[in-house]
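# Remarks on the overall topology
What follows is each chain in one-letter form.
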Amino acid sequence: MERRVRKRDRLKWSLLYTFSCTRATMTADEEQASLDCPGYSRIIHCNQPQLHTKMGLYYTGNHISTTRYNFVTFLPKALFEQFRRVANIYFLLAAVLSLTPVSPFTPVSMIAPLAFVVGLSMMKEALEDWKRFIQDMKVNRRRGDVHGGEGQFVHKHWQDIRVGDVVKVEKDKFFPADLLLLSSSYEDGICYVETMNLDGETNLKVKRSLEVTLSLEDDEAFKDFAGTIKCEDPNPSLYTFVGNFEYERQLYVLDPSQILLRDSKLRNTSYIYGVVIFTGHDSKVMQNATDSPCKRSRIERKMDSIIYILFSLLVLISLISSIGFAILTKYGMPNWWFLQPNITTGLYDPSRPAVSGVFHLVTALILYGYLIPISLYVSIEVVKVLQATFINQDVFMYDEEIGKPARARTSNLNEELGQVDTILTDKTGTLTCNQMDFLKCSIAGISYGLRASEVEIAAAKQIAAEVPGTPEHHTGSQDPWEGKSPSHGSSDIKFEHEITCMIEDIHKPAIKGFSFQDDRLMHGNWTKEPTASTILLFLRILALCHTAIPEANDETGGFNYEAESPDEAAFLVAAREFGFEFFKRTQSSVFIREKYSPSEEPVEREFKILNLLEFNSKRKRMSVILRDENGQIVLLCKGADSIIFDRLSKNGKMYESDTSKQLNEYGEAGLRTLALAYRVLDESEYSSWNNEFLKAKTTIGADLEAQIERVSDMMERELILVGATAVEDKLQKGVPQCIDKLAQAGLKIWVLTGDKLETAINIGFACSLLRQGMKQIHLSIANIELLTQDPNKETKENLMMQLTNASQMIKLEKDPYAAFALIIDGKTLTYALEDDLKNQFLSLAVDCASVICCRVSPRQKALVTRLVKEGTGKVTLAIGDGANDVGMIQEADIGVGISGVEGMQAVMASDFSISQFRFLQRLLVVHGHWCYKRIALMICYFFYKNIAFGLTIFYYETYTGFSGQSVYDDWYMLLFNVVLTSLPVITLGVFEQDVSSEVCLQFPALYQQGPRDLFFGWYRIIGWMLNGLYSSIMIHFLNIEIFYLGAFRAEGQTADIAAVGATMFTCIIWAVNVQISLIMSHFTWIQILFVWGSVAAWYLFLFCYGMLSPIISGNAFRILQEALGSAPTFWTATLLVTAVCNIPYLLHISLQRTFNPLDHHVIQEIKHYKKDLEDQHMWKREKSKAREKTLIGFTARVDAKIRQIKGSLQRKVSSMTMQSV
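Since we're looking at a predicted model, the values are computed, not measured.

Conventions and cut-offs
Residues numbered from 1 in each chain as written. Predicted model: local features only at pLDDT ≥ 70, side-chain atom pairs only at ≥ 80, totals over all residues. Heavy atoms only, no water. Helix = DSSP H or I, 4+ residues; strand = E, 2+ residues; numbered from the N terminus. Buried < 20%, exposed > 50% of the residue type's maximum accessible area, 1.4 Å probe, protein only. Contact = heavy atoms within 4.5 Å. Areas by Shrake-Rupley, 256 points an atom, 1.4 Å probe, with all protein chains shown as cover. Pairing = 2+ DSSP bridges. Axes fitted to C-alpha atoms, helices over the stretch in contact; angles between N-to-C directions. UniProt positions renumbered as here; feature names shortened; annotations may be inferred. Polar contact = N/O pair within 3.5 Å; in protein donor to acceptor, adjacent residues only side chain to side chain. Patch = residues over 30% accessible without salt bridge, like charges linked within 9 Å, V, L, I, M, F, W, Y side chains within 5 Å. Salt bridge = Lys/Arg side-chain N within 4 Å of Asp/Glu carboxyl O. Phe/Tyr/Trp six-rings, centres within 6.5 Å; stacked < 30°, edge-to-face > 60°. Left-handed = near helix turned anticlockwise from the far one by under 90°. Nonpolar A, V, L, I, M, F, W, Y, C, P; charged D, E, K, R; others polar. Expected span 1.5 Å × (residues − 1). Parallel < 35°, antiparallel > 145°, perpendicular 65-115°, else oblique. Core = buried A, V, L, I, M, F, W, Y, C linked by side-chain atoms within 4.5 Å. pLDDT = per-residue confidence, 0-100.

## A look at the overall build of the chain
Across its full length, the chain holds 40 helices and 33 strands. Relative to its 1221 residues, the chain shows a buried fraction of 57%. By sequence separation, contacts in the chain at least 24 residues apart represent 76% of the contacts at least 6 residues apart. Element-wise, carbon and sulfur atoms account for 57% of the exposed surface of the chain, whose accessible area totals about 51400 Å².

Printed below as a string of structure tokens:
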């Protein structure tokens, strides 16, 4: 086979990188000693996977599964899930007892409904799990290149890859398993890896193979390759790896820099070769995942409690009935000659009344079973599936760009969407779209860039609405700073003009990554600026201080830049647009084209790379040392302003004050900032430092990195400040507005990210989870290495002190507008989540307006989610897009996956999927609110109608001497829940809307009806039960009173049991259907059809049933035609009983709407009388009141800004007043 030519064979990045490519400092002997300990037993035969089985080494396959069931476990697990429901257990017992003589019903009438309900629910579970299985299969059947022998690589499905296989992964492909890097398309074995799916970081990681495997440079080289790896057993730690590699009788130490993790992506590298170490569920990303849980909503769990109450009621009335039957059997029935008491059976024997009472207890338990609605669960299942269909079909949650709609992957949790208290969100790919836009810059103390950030635009809009005298300002109160001084008014006019200009600056950048607009720098105009020399230096720093690689774009004729971070890419695009195009990189040089004006030809310049001190989270800066064409050596540096300012020389602080002020302004605008500086070096100074630097790089021992850091720090001193950059970390479309709306709805939002602290904070500012003036509480154990005797104990004590002090500071805060933000890193979080500290940590976090956890592992995300869920006892929602978010998505009460352009792990593990974070607003505030209220009303109504129906059976049985006789025909009872009252309640659960979707979004505080459990609290549940009790009493006793002695027919006959039973059932059908029509706020033709159609269906059934042979219809033969239809008493009783049953509810709702209306009552009346159109002032006032008090989001940010402006103007008016006095 022809040897493959390397694409970039002249680039040896290891010679440039200082920190990322340092060698392992542990010796082979030290490594071997650690591998002899337990937990390090894995032995891998490279390129010989068949040896493992022969040697008794059985490793997990590369097949993954996120399903809840398989073909073996489905039946037992699904049945267990179904019979966790209390009602199903009762009906199972009733079905078994129906096979005995004590049952008042036939076995089929009890078994068939149970089988239907359970079977339908299991089919739904199977269908949802099948969808997960299909998603798993898509991943498992991805193809990869695997060495098949004789130097030939063949295509294999991921699921067929084994431990020990040598695989080849090409650029922009995911790694199919955890691999040991053997070689890459670069000569020195370097490759770039994107780990966004694992830790949320967008900056690329540098990995480097061992030098001994660099010769494995093409497919043919693996023909005779063999080696042995001994390493740690599977574990969830993403950032550690211990092992050694035996190759050609030599032992080499392995460390994390050689490990490529599953679900990471190869970037900026043509291809790599690697050997499989961990497969499938042994891989580190899957080790961080948790088993897919079976989630149940809080309403469903509370429904079990209601079932317990009803079951207790059932047992109570059954005991009353059985005791009454036993007493009458002993004392009354021997005298009732017409019952032939001398003929006894096993179930009835006056000589053994206790035994008869026990048998009657079983009969009563079955007879009164209609108190517990068997159709409730199946009706809820049907309703939830239809609700999920509406969520799937919502065009307002359809992403046209990628063609993906929202998906309810399970319908079990629809109503839970309306009860969320805390949202835990990932950052990268969830809040952000991993795109930076160069927006502003400060050069030589002068700010450039006229376009406003998203934060500034939104704030300006609202401030404009508050400024007196503007058309947007409509307030009925006189503001305290409105003076009559002309000079005062002129400043207002200027302020208003600035705001108006900012509002008009809503832009769509034409160039990706570049949203800058300022003619002073564009089109070569910068050469006319008085600080042109400093601007030249600034632009060169942008074009030269980076590690990016240019790739020619054949379509545009320009270059695309593959950078380690989106910031670098944005800087390079900005430099190109300013006329400084980076177009080529070699091993030792960087080439740029400089164009000073549009009319001039570009000048190509070469800069020699001497050293590269790359960025990391500890250094917070990056430097490059170059030699220009004149032979001058210069150090260019960019980094966090706090770091750069501390390293400025006395002569380099000329612009520090102005730049610092502008950096603060950029920060308030939600922009990410970096300071730029430089230093000119003389030859001797550089030569002396470089010798020290080379000596530090060749240090052997544990302090290698410390030595390199020390020497690097020596050079990065005495800098001269040039300016600063401000890039906008492009949030996903609508993220700030969505967070603001969710905050107004009363939801708490936590950010859990694997990204570094500074990035997380910048995003917090960008989406207004943080703002200027918010007091930040940083929990950190950065000095842990300095603690000596008992580091663990001292660290905990230190953290405990921080928690106590922070909690005390919040309690002592007197300012009602004060807001606190808690920021904690993963290292500190490890201790904060321990049993003795986690409750105090949670208490502090709950008191803060926002919480940001950075540098957290996937397992820590899951643990934080569990802590919030269990510690607060409230509904949690986790949202993320990557494999690193699977743990928290599964742990939360509700898991939402972002179905973006990356992997599908998060979606596969989720309960709901959306394509962008902004759709979460509609999913919760609209669909969540609707689904919660629909399900709550539906369940309450279900219990109401079954109590109203079931207790009439008890009353009649008591009235007839506890005889076990039902007043209703068997067919009436079977049809009550299945046909005659099922469809109206389903339409209630599917179509009910207290307010429209637009109003839900305009009045976000309505959402709090769910978290406060307003419609399914015990007060509401007991109220509906009492309503059912009242209705049952009225239905039974009014009918008995009406029919007891009066003539029923024209011939003077009184009513028999068939007539009374049919009339009572008619009253029930009318009463419950009128009741459901009173509940509904929103009517569609479907609801009208089903509600009144159910009433019509009863009369139709009664007519048709009466037409059947008396053998089938029994006492109901022609009952409607000959008995009821012609009797005025029947129609009068129906009208009277229906009215009496519903008048109390009608009075209650009338009084409530008049004297103590709920929020939606007020809105409904405003909309009904069209006051929202006629009185805009009132409508706007109501909207401003209909939001929860919040300290995060755009609204809180703008409110704080308005308070600041008002305070400033008030102070100004006061000082002017004092001066005039």
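## Concerning the sheet that holds strand 31 (residues 875–880)
Pairing is mixed across the open sheet formed by nine strands, whose spatial order is 14-33-32-31-15-27-30-29-28. Of all strands in the sheet, those with a lone pairing partner are strand 14 (407–408) and strand 28 (775–779), marking the two edges. Lying over the sheet, helix 27 (residues 919–959) contacts strand 15 (420–425), strand 31, strand 32 (894–898) and strand 33 (912–914), oriented at roughly 140 degrees with respect to strand 33.

## Focus: the environment of Gly1193
With respect to the secondary-structure elements, Gly1193 resides in helix 40 (residues 1193–1220). Gly1193 sits 426 residues away from Cys767 along the chain, and the two C-alpha atoms are 7.0 Å apart. The contacts of Gly1193, once residues within four sequence positions are left out, are Asp740 and Ser768.

## Quick look at the environment of Leu613
Looking at where Leu613 falls in the secondary structure, it is placed in strand 22 (residues 603–613). A relative accessible area of 0% places Leu613 in the buried class. Sequence spacing of Leu613 and Ile708 is 95 residues, and the spatial spacing of their C-alpha atoms is 9.7 Å.

## A short note on the sheet that holds strand 4 (residues 166–170)
The pairing of strands in a sheet happens through backbone hydrogen bonds and is either parallel or antiparallel. With respect to topology, six strands assemble into an open sheet ordered 3-2-4-13-5-11, the strand pairing being antiparallel. Of all strands in the sheet, those with a lone pairing partner are strand 3 (152–157) and strand 11 (259–260), marking the two edges. By the bridge criterion, two bridges tie strand 5 (residues 178–184) to strand 11 in an arrangement that is antiparallel. Note on strand 11: the bridge partner recorded for Leu180 is Ile259.

## Here's the deal with the UniProt feature "binding site: Mg(2+)" (unreviewed entry) in the chain
Feature annotation in UniProt assigns "binding site: Mg(2+)" (unreviewed entry) to the following positions: Asp426, Thr428, Asp881 and Asp885. Of the residues just listed, which span 460 residues, no C-alpha pair is farther apart than 10.6 Å, and they cluster in one region. Excluding anything up to four places from it in sequence, Asp426 contacts Leu431, Leu752, Thr753, Lys861, Ile879, Gly880, Asp881, Asn884, Asp885 and Met888. At a separation of 3.2 Å, a polar atom in the side chain of Asp426 contacts the side chain of Lys861. If you trace the backbone, Asp885 turns up in the loop between strand 31 and helix 25 (886–891). Apart from the residues lying within four places of it in its own chain, the contact partners of Asp885 are Asp426, Lys861 and Gly880. A polar side-chain atom of Asp885 sits 3.0 Å from the main-chain amide nitrogen of Asp881.

## Section: a nonpolar patch on the surface
Taken together, the side chains of Ile309, Trp1018, Ile1022, Leu1026, Leu1029, Ile1033 and Phe1037 present a nonpolar region at the surface, about 590 Å² in accessible area. With six residues, helix 31 (residues 1018–1043) is the single largest residue contributor to the nonpolar patch. As for its position among the elements, Ile1022 is in helix 31. Assessed through its relative accessible area of 44%, Ile1022 is described here as partly exposed.

## Looking at the packing of aromatic side chains
Summed over all chains, the structure comprises 46 aromatic pairs. Centroid distance Phe949 to Tyr968: 5.2 Å. Interplanar angle 25 degrees. Geometry classified as stacked. With a gap of 19 residues between them, Phe949 in helix 27 and Tyr968 in the loop between helix 27 and helix 28 (970–980) connect regions that are remote in the sequence. Each member of the pair, Phe949 as well as Tyr968, is classed as buried. Plain terms: the ring middles of Phe976 and Phe1065 are 5.9 Å apart, the flat faces sit at 75 degrees to each other, and that makes the pair edge-to-face. Here Phe976, found in helix 28, pairs with Phe1065, found in helix 32 (residues 1057–1079); they are 89 residues apart in sequence, far enough to count as distant. By the burial criterion, Phe976 is buried, and Phe1065 matches it.

## What about the packing of helix 32 against helix 36 (residues 1128–1155)?
Closest axis-to-axis distance for the helix 32/helix 36 pair is 9 Å, and the angle between their directions is 35 degrees. You can see that helix 32 and helix 36 cross each other, and the crossing is right-handed. Across the interface between the two elements, Thr1063, Thr1066, Cys1067, Trp1070, Ala1071, Val1074, Gln1075, Leu1078 and Ile1079 of helix 32 pack against Phe1130, Ala1133, Thr1134, Val1137, Thr1138, Cys1141, Asn1142, Tyr1145 and Leu1146 of helix 36. Grouping the amino acids of the contact of helix 32 with helix 36 by side-chain chemistry returns twelve nonpolar, six polar and no charged.

## Looking at helix 13 (residues 532–544)
For helix 13, spanning 13 residues, the distance from its first C-alpha to its last is 18 Å, which sits close to the expected 18 Å at 1.5 Å a residue. Most of helix 13 is tucked away, with ten of its 13 residues classed as buried. Every buried residue of helix 13 is listed here: Ala532, Thr534, Ile535, Phe538, Leu539, Arg540, Ile541, Leu542, Ala543 and Leu544.

## A few points about the packing of helix 32 against helix 33 (residues 1085–1107)
Closest axis-to-axis distance for the helix 32/helix 33 pair is 9 Å, and the angle between their directions is 170 degrees. Comparing the axis directions of helix 32 and helix 33 gives the class roughly antiparallel. Contact with helix 32, carried on its side by Ala1062, Phe1065, Thr1066, Ile1069, Trp1070, Asn1073, Val1074, Ile1076 and Ser1077, involves Val1091, Trp1092, Ser1094, Val1095, Trp1098 and Tyr1099 of helix 33 and no other residues of that element. The residue makeup of the contact of helix 32 with helix 33, split by class, is eleven nonpolar, four polar and no charged.

## Quick look at the pairing of strand 25 (residues 672–681)
Within strand 25, nine of the ten residues are buried, leaving the element largely enclosed by the surrounding structure. Both strand 24 (residues 633–639) and strand 25 contribute to a ladder of seven bridges, which runs antiparallel. The partner of Cys637 across the bridge, within strand 25, is Ala677. As paired strands, strand 25 and strand 26 (residues 720–731) are joined by seven bridges and run antiparallel to one another. Considered in strand 26, the bridge of Tyr678 is made with Ile720.

## Quick word on the nonpolar core
One broad rule of soluble globular proteins: the nonpolar side chains tend to lie buried together. With 102 residues, the main nonpolar core has Tyr968 and Tyr972 as its most contacted residues. Judged by nonpolar contacts, the second largest core, of 79 residues, contains Met436, Phe580, Phe607 and Ile708.

## Some details on helix 28
Within the span of helix 28, buried status applies to Tyr972, Met973, Leu975, Phe976, Asn977 and Leu980. As for helix 28, its buried residues are in contact with helix 10 (375–392), helix 27, helix 29 (982–991), helix 32 and helix 33. The opening residue of helix 28 is Asp969, an N-cap whose side-chain oxygen sits 2.8 Å from the backbone nitrogen of Trp971.

## What to know about the pattern of salt bridges
A full pass over the atoms with the stated rule returns 45 salt bridges. Between Glu581 and Arg593 there is a salt bridge, with the nearest N and O atoms lying 3.2 Å from each other. Of this pair, Glu581 sits in strand 20 (residues 580–585) while Arg593 sits in strand 21 (residues 589–594), and the two are twelve residues apart along the sequence. Arg621 serves as the salt-bridge partner of Glu709, at 3.3 Å between the closest nitrogen and oxygen. Taken together, the residues Glu709 in helix 18 (residues 704–715) and Arg621 in strand 23 (residues 621–627) connect sequence positions 88 residues apart. For Arg621, a relative accessible area of 2% gives the class buried. Each of Arg621, Arg647, Glu709, Asp713, Glu716 and Arg717 takes part in a single network of salt bridges with overlapping partners.

## Brief notes about the side chain of His52
Within the fold, His52 resides in helix 2 (residues 50–54). A relative accessible area of 3% places His52 in the buried class. When neighbours within four sequence positions are excluded, His52 is seen to be in contact with Ile43, Ile44, His45, Leu57, Tyr59, Val163 and Gly164.

## Things to note about the confidence of the model for the chain
Across the chain, pLDDT averages 82, with 86% of residues at or above 70. Predicted confidence for residues 468–504 stays below pLDDT 50, and this span has 44 contacts to residues more than four positions away or in other chains.

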